[in-house]
Amino acid sequence: MCIRDSYKAELEIKEKQANEKLKLMVQEQQQAEQKRESSIKLSKELEVKQGQIKERAGAVESELSEALPALERAQNSVKNIDTKSLVELKNLKNPPKLVKMTIEAVATCLLGGLKAVDWEDAKKEISKKDFINDVLGFKTDKLPEKGKKNIIAKYTSQPDWDNERINHASKAAGPLADWLTSQLKYADILDKIQPLRNEVSALKAEEESLSKQNDDLARLIDELQKNIENYKTEYAQLISQVESIKGEMTKVLDKVTRSQKLIQNLSTERFRWEGSSEGFKEQMATMIGDVLLSAAFLTYIGFFDHFYRKVMMNAWRNQLDVAGIKYRQDLSITEFLTKPSEKLIWQSHKLPADDLCTENAIILSKFNRYPLIIDPSGQALDFILSFYKEKKISQTSFADDSFMKNLETSLRFGCPLLVQDVEKIDPILNSVLNKETFKTGGRVLMRVGDQEIDFSPSFSLFMITRDANAFFTPDLCSRVTFVNFTVTPSSLQNQCLNIYLRNERQDVEQKRVNLLKLQGEYVVKLRELEDSLLDALSNVQGNILDNEQVISTLETLKMESGKVQEEMAKSDKVMEEVTTVTNTYVELSKFSSRMFFAMQSLSNVHYLYQFSLSFFMDTLFNLITKDENLKKIDKSEPQKRLAFIYDELFIQTYHRIANSLLNNDKLIFALRLAQIKLPLSLHDHFNLIIKPCKVIETKLSNTIIDGKLKYSQLQLLEEFSYMDRYKNLVAHLNNNTAQWLAFLDDPNPDERIPSGWENEEYENSENSKLNPFEREVSLICRDLAIIKLFRSDKFSVVASNFVKKVLGNNILDVPPVDMKVVVEKESSSKAPILLSSAPGNDPSFKVEQLVRETNKKITSVAIGSAEGYDLADKAIIAAAKSGSWVLLKNVHLAPQWLSEVEKKIYRLQLHENFRLFLTTEFNPKIPRTLLRQSYKCVFEPPDGIKASLIRTFKTVLSPARSDKAPTERTRLHFLLAWVHAVIQERLRYTPIGWTKVYEFNEADQRCALDLIDEYLDGMGQRNNVDPDKIPWDALQCILAQNLYGGKIDNQYDNKILDGLIGQFFTAKSYNMDFELFLAPEGSQPIKIPDVKKFSQFEEWIDKLPSVESPAWSGLPNNVERIVRETLTNHIIKKLLEIQDVNEDEAVEIELEEEKKKQEGESQVKWLKELGQRLKSYLSILPESLPKLARDANSIQNPLFRFIEREVTVASNLLSYLRSKLTDLKGVCDGTTQSTQELRQLASELHADQIPATWRRYTVLNITVTEWIADFKKRIDQFTRIMNVSGYQKQGVWMGGLLFPEAYLTATRQYVAQNHMWSLDELDLKVELLDGQTVDDDCFIVTGVQLEGAEWEKSTKLLRLNKDLSTPLPALLCKWVHMQKSEIKKLADDEIFAPVYLNKSRANLISSIKMKRGDISRNTLYQRGLALITWS
């Protein structure tokens, strides 16, 4: 109470004092108001005077404002004159006229303008230390009028005086000239305004008087005002003392409230800060490891594809684990090295939105060494050109004439430079790649070639190659940063997914993009708020409760963080929606990616099949943006559109590719597409069809179905029998032999596959898991497996049904090539149109026909000569500008030049209507880059003799030529057409028709026609000639030895050709009943028509049967079955080679090694299967071969030397095999370190290809399992015979020897040595072994098959049969001594039969004499008579 009373008394005193002060304030205020009124009146008078002064002064300033800025600018320029420039002026003895005039004029001005000044006086003036200050401090009004006029007259009015020219002449004289000009102008204005200045001076004097009076009043008012302010201050102090007492308690209450808010807000931030603190600790703990991984990524990873990058990252992580260096287990390199905003920017510049491209963009943004980019698809090129467009990036190449100019410009001005087609580096870039700079006079220079060029630090160099297989030297690799943009399955899948989402679900894609953008913005915003709070807290001064900024920042942070959390919660829902929609397109994207890589893998089938990513993307974009049927489905029905795209993409991809494939390869690609689309549940069924047999040695009896099955079929049958689905098959074969024999001979086995062997339990269980469609496909797969096993000649028929079922009934209905559609819709100016054909077929007529239809301008050039190259280059450049067309013919003659053409097309700016057509025969040397960029069309002549005859009569022959006298000419022309057709048709049946593919073509036929016409014309102008007088011997000789025979390098092919020529080019061919071929038993022969006119022959040809028999070509009827079986083997083999291996099951082994280090990680499937195969291989191969007992006598024996060599080679190969297979098995088991050699071996074995290092003897192109089984049989034979004396008489499987030719030589030497006979006097006699005595001159051969005929044991004669191949019993071979002249002689009933190593007929071992009976030699040779030692 006392304190409150004392406060109250004190307050009363203070209030009283305050009232007194208030009274004094009022009195003083009244007095001050009176004085202020007087002052106001005086001020008004003063304002009038000031207005007048301002008006006059304004006029003065207006005049001066014209010259003063120029004077000031001139003075500023003078200030900037450097001493060096003045010194240079002083040192000039004879300066330029303008410079001299300027300096003398300035010196004259500084000296008053009256004194005459020469150059020496001027030099003294500018030599003064304060020259510049004298100039700047010069007073214009001090310049007398006479002096000014003197300067103008003598200097500035002279015609040569030009400030701009003076400035160019000297950097010091220029500003001085400007200053002098400005001073003179300023002086003129000062003279002009002098009366106004005088008037202003008088007004200012009056103003000063009034101002003095006003100042006196103001001082008095100020004194009164000060008193009032003092009173106010004292009054305010008294009042504040009262208020301070009241406000003290309020202040304390406010502090309490603030402290409560501060504690509450900081407590909410505490949890986030604690989390951030822990996260920071973790980051610090793993910082070294994270940075090491990131640095390694930027340094080394760019060269590798997506899969190997994962492998290397895993390897590096393991190394860090071993070294004990911590790193973030969930570290994402892309997130660590970039921001979401950067990704969006890159994607806006055409960078595909997949991990591989994002990683590459990071490397391109952080490189130290200039990047060399591997970019087969062109995606990197588009990105770089777009991203660096604002920096004025330049494009060039080493072949560009302006390369050095572009390089110099970019180095000097710091612009990015992009060099294309860098398969090899021009040495001129060495200094650029090494960044060899040096400094001279403050300039940074680089020596490039013989030039020194200014180097800008902002210069960037990008090198790009489109060749994924380009080889670069280690030296270059150490100086560049490799960036590999080679597309991978996963990266392409992501790209396709983004494309589908952008086109089909734009709303969802936009949400996804916005979400990524917002997430980045939220994180940045939250971080900025936290930083501002921490900054406020760290900079607070005094009591924190008194700092309003801290409290406000905390409130804002709490509010914004709440918003961020709310938005992040919303983003989670959006992400769920995006993920749900995205997942519906993932499968389609995966299939799209696999389709492209299926196209890529076709290069394993044929070198011609190279396809670019842009080609596939065009197909995809055409479907989703231009397809009329898809447009009919509204985007509000995404599922219907998805289903349509899913089905149609397979069809359109196949149809666009099909015309680029050979007929025999189309089904391969169709099956691969069907396999891709096949449901996962059916993959095992399909794999059974294409996977090689794993059974090495079969346990099944060779008597199944009366021994009609080959050994390879028995192996496959045994493998099938181990599977639940086919486990009843063997029993059914044994119990229903007749049914299966009928099936083996059925002409349409695909329609009558035997039933009753099915495992009903398995089928019911299988069907319960499948939908109706999958059940149907499963049954077709089962039929396909049975057909492959028993009737592989009909495989294509069932495979086509399988393709139609999976991909659609119209999938194989490929429309013929429409060149107009190709040009207008399917190709572009950048893609040359490559028309490929077999030798002798010219597809250029397709282009010429299109030109006539469209009336387009085209330039045709035949390639092959030097002038042809020049003409082609000029034509391309001209057409590229005008938009016309160019046709280059026979480009296969210049494959190296084609590479330059492709690069030129790639670099040129092409008119959109420009098209380049290339015609070529098949040539593997055509550049891959050209093949990849081209739109390819393959043209094959139709099969069959009838088709060949029609083609000949349409394109080669004409009525005018054939109907020309004599009348026998027409038939002779027809005979040649028939022979040519037979020769061509037999190529289909290689190696039976011919032993190899010869390049018989239309040119041969035309030359033969010219020969025939020349001979007939040489017989005189007659209407008829006697056929007997036609020079048949000459025709036969030239046709058989030169025109056609000149291409043949096999003596038995020559015999076939001789027989064909001799059969038709004879006088007998003019007989009415002349037969064109030997008709098989039970069929009617076709006889030559008895007509004489060209048109009559044409009509007869049109009436020929559409279904032809191989007998027309002189071949057995069943040879067609062999051809189809060969085609089936080709399809299955190539289909296996083009199988893609998923990234988790890649052919490379490193990933498996990394996975094995992680406990509990299982093997990848393919590696496990390979390990099992290796185990089976090692189990059947012996550890080693016994050594031969060698002594002094044995080495004299040629047969011992032969077997010793065979065993040595086999033993070394066996040792090598076991070593490599054991090492590889260790890799599969995870116990052995992988090497490049083992990786290559694994790749080849996985693709079922026999490694090159195993091919130490000649063998057919068989599967690895078949090769191992065959090698085991050879080893077994060596083990059996190697230490047996006289092993040749025990029977030797000749085809199982490594070098069978050497065995024949050894036996020959053995006989000659025993009897002391000459080798040249020995002839080989071969008989069927039938109880004859086997003496020392004999040797027995087993395992031989006879093709083309049958060797009767009873008559010992050859006879024709239905079977193409017949196993022979053991053969008794004997070297018989006779005269040299008798050795090569044949009896009338004998024939020389070739002995080939295997069915390929590539290796001729020997020839033997056989009794032919009454069968003509021509018939036997044309049927492909031969003995085969290995089958």
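Definitions and limits used
- Residues numbered from 1 in each chain as written.
- Predicted model: local features only at pLDDT ≥ 70, side-chain atom pairs only at ≥ 80, totals over all residues.
- Heavy atoms only, no water.
- Phe/Tyr/Trp six-rings, centres within 6.5 Å; stacked < 30°, edge-to-face > 60°.
- Buried < 20%, exposed > 50% of the residue type's maximum accessible area, 1.4 Å probe, protein only.
- Helix = DSSP H or I, 4+ residues; strand = E, 2+ residues; numbered from the N terminus.
- Lys NZ or Arg CZ within 6 Å of the ring centre and 35° of its normal.
- Salt bridge = Lys/Arg side-chain N within 4 Å of Asp/Glu carboxyl O.
- Pairing = 2+ DSSP bridges.
- Axes fitted to C-alpha atoms, helices over the stretch in contact; angles between N-to-C directions.
- Right-handed = clockwise from strand over helix to strand, strands pointing away.
- Contact = heavy atoms within 4.5 Å.
- Arc of directions from axis to C-beta.
- Patch = residues over 30% accessible without salt bridge, like charges linked within 9 Å, V, L, I, M, F, W, Y side chains within 5 Å.
- Areas by Shrake-Rupley, 256 points an atom, 1.4 Å probe, with all protein chains shown as cover.
- Core = buried A, V, L, I, M, F, W, Y, C linked by side-chain atoms within 4.5 Å.
- pLDDT = per-residue confidence, 0-100.
- Parallel < 35°, antiparallel > 145°, perpendicular 65-115°, else oblique.
- Left-handed = near helix turned anticlockwise from the far one by under 90°.
- Nonpolar A, V, L, I, M, F, W, Y, C, P; charged D, E, K, R; others polar.

> Is there a simple way to explain the packing of aromatic side chains in this structure?
The geometry of an aromatic ring pair comes down to the distance between the two centres and the angle between the two planes. Evaluation of the coordinates by the stated rule reveals 49 aromatic pairs. When the centroid spacing of 5.1 Å and the interplanar angle of 80° are considered together, the rings of Phe387 and Tyr388 count as edge-to-face. The class of Phe387 is partly exposed, set by a relative accessible area of 30%. The buried category is assigned to Tyr388, whose relative accessible area is 11%. Relative to Tyr646, the ring of Phe591 has its centre 5.5 Å away and its plane inclined at 40°; by these criteria the two rings are tilted. Of this pair, Phe591 sits in helix 20 (residues 548-601) while Tyr646 sits in helix 23 (residues 638-658), and the two are 55 residues apart along the sequence. Through successive ring pairs, a cluster of aromatic residues spans Phe367, Tyr370, Phe383, Phe387, Tyr388, Phe455, Phe459 and Phe462. Across from the ring centre of Trp994, 5.7 Å away, lies the NZ or CZ of Arg986, which sits over that ring. A cation over an aromatic ring shows up here: Arg1205 above the ring of Phe1299, its NZ or CZ 4.3 Å from the ring centre.

> Whenever I open this one, unusual backbone geometry confuses me. Can you help?
Peptide bonds are, in most cases, trans, and in most cases residues other than glycine have a negative phi. Residue Pro966 is reached from Ala965 by a cis peptide bond, and omega for that bond is 0°. Here Pro966 shows up in the loop between helix 38 (959-962) and helix 39 (968-986). Geometrically, the link from Thr990 to Pro991 is a cis peptide bond, its omega value of 15° lying close to zero. Positive phi is not limited to glycine here, since Ile705 has a value of about 50°. Phi angles above zero are rare outside glycine, and Lys1356 is one such case at about 60°. Mapped onto the fold, Lys1356 is located in the loop between strand 18 (1350-1351) and strand 19 (1358-1359).

> Please explain the pattern of salt bridges as it appears in this structure.
A complete count under the given rule lists 63 salt bridges for this structure. Ionic contacts of the salt-bridge type, sharing partners, join the residues Lys710, Arg791, Asp793, Arg1121, Arg1124 and Glu1125 into one network.

> Is there a simple way to explain the sheet that holds strand 11 (residues 885-889) in this structure?
Adjacent strands of a sheet pair through backbone hydrogen bonds, lying either parallel or antiparallel. Read across the sheet, five strands follow the order 10-11-12-9-13 without closing on themselves; strand pairing throughout is parallel. The open sheet has two edge strands with one neighbour each: strand 10 (858-862) and strand 13 (935-939). This sheet shows a mean twist of 15° between the axes of neighbouring strands, independent of strand direction. The sheet contact formed by strand 9 (residues 833-837) and strand 13 spans five bridges and is parallel. Residue pairing in the sheet places Ser836 in a bridge with Val938 of strand 13.

> Whenever I open this one, the pairing of strand 2 (residues 394-397) confuses me. Can you help?
By the bridge criterion, four bridges tie strand 2 to strand 3 (residues 416-420) in an arrangement that is parallel. If you follow Thr396 over to strand 3, its bridge partner there is Val419. With helix 15 (residues 403-413) bridging strand 2 and the parallel strand 3, this β-α-β connection has right-handed handedness.

> Would you take a moment to explain the environment of Gln652 for this structure?
Take Gln652: it is sitting in helix 23. The spatial distance from the C-alpha of Gln652 to the C-alpha of Val814 is 9.7 Å, given a sequence separation of 162 residues. Residues within four places of Gln652 in sequence aside, it is in contact with Thr619, Leu623 and Asp627.

> Help me understand helix 28 (residues 737-745), please; the structure alone is not making it clear to me.
An α-helix turns once per 3.6 residues; consequently, residues spaced three or four apart project the same way. Turning to helix 28, its buried residues are Trp740, Phe743 and Leu744. Down the axis of helix 28, the sector holding all buried residues measures 100°, keeping them to one side. For helix 28, the exposed residues set more than 90 degrees away from the buried face come down to Ala738 and Asp745. Looking at the buried side of helix 28, the elements it contacts are helix 27 (729-735), helix 30 (772-790) and helix 44 (1119-1137).

> What's the story with a nonpolar patch on the surface in this structure? I'm lost.
Nonpolar side chains collect at one region of the surface, where Phe280, Met284, Met287, Val291 and Phe336 lie side by side and expose about 440 Å² of accessible area between them. The greatest single-element share of the nonpolar patch, amounting to four residues, is contributed by helix 9 (residues 194-300). Of note, Phe280 is situated in helix 9.

> What's the story with the pairing of strand 4 (residues 437-440) in this structure? I'm lost.
When a strand is regular, its side chains alternate between the sheet's two faces. With four bridges connecting them, strand 4 and strand 5 (residues 443-448) associate as antiparallel partners. Its bridge partner lying in strand 5, Lys439 is registered against Val444. Hairpin connection between strand 4 and strand 5: a loop of two residues separates the two successive antiparallel strands, and Gly441 in this loop has a positive phi of roughly 60°.

> Just checking my understanding: could you explain the sheet that holds strand 24 (residues 1426-1428) for this structure?
Reading across the sheet, the five strands line up as 20-17-24-22-23 and stay open at both edges, with mixed pairing between neighbours. Each edge of the open sheet is held by one strand with a lone partner, namely strand 20 (1365-1367) and strand 23 (1404-1411). Going across the sheet, the axis of each strand differs from the next one's by a mean of 30°, ignoring polarity. As judged from the two bridges shared by strand 22 (residues 1390-1396) and strand 24, these two strands associate in the parallel manner. Pairing of Val1395 across the sheet is with Leu1427, part of strand 24.

> Help me out: how do you make sense of the nonpolar core in this one?
Counting residues in each nonpolar core, the largest one holds 143 residues, and the members touching the most others are Trp978, Trp994, Phe1065, Leu1076, Trp1254, Trp1267 and Leu1427. Top contributing element to this core by residue count: helix 47 (residues 1198-1229), with 14 residues.

> Hey, could you run me through helix 43 (residues 1094-1102) in this one?
Regarding helix 43, the residues found buried are Phe1094, Phe1097, Trp1100 and Ile1101. Down the axis of helix 43, the buried side of the element spans an arc of 125°, and every buried residue falls inside it.

> Which parts of the structure should I look at to understand the confidence of the model for the protein?
Caution applies to low-pLDDT regions: their predicted coordinates should not be interpreted in detail. Per-residue confidence for the protein gives a mean pLDDT of 85, with 88% of residues at or over 70. Across residues 1142-1162, confidence stays below pLDDT 50; counting only partners more than four residues off in sequence or on other chains, it has 55 contacts.

> What is the right way to look at the environment of Gly944 in this model?
Looking at the element boundaries, Gly944 is found in the loop between strand 13 and helix 37 (945-956). Here Gly944 falls in the buried class, since its relative accessible area comes to 8%. Distance from Gly944 to Ala981, taken between C-alpha atoms, is 7.7 Å for residues 37 residues apart in sequence. Residue contacts for Gly944: discarding those within four places in its chain leaves Glu985 and Glu1108.

> How do you make sense of the packing of helix 37 against helix 43 when you look at a structure like this?
A pair of packed helices can be characterised by two numbers: the angle between their axes and the separation between those axes. Helix 43 packs onto helix 37 with a crossing angle of 155° between their chain directions and a minimal axis gap of 10 Å. Comparing their axes, helix 43 and helix 37 come out roughly antiparallel. As for the relative orientation of helix 37 and helix 43, their crossing is left-handed in sense. Listed contacts from helix 43 to Lys946, Leu949, Ile950, Phe953 and Lys954 of helix 37 are Phe1094, Phe1097, Glu1098, Ile1101 and Asp1102. Its residues placed into classes, the contact of helix 37 with helix 43 shows six nonpolar, no polar and four charged.

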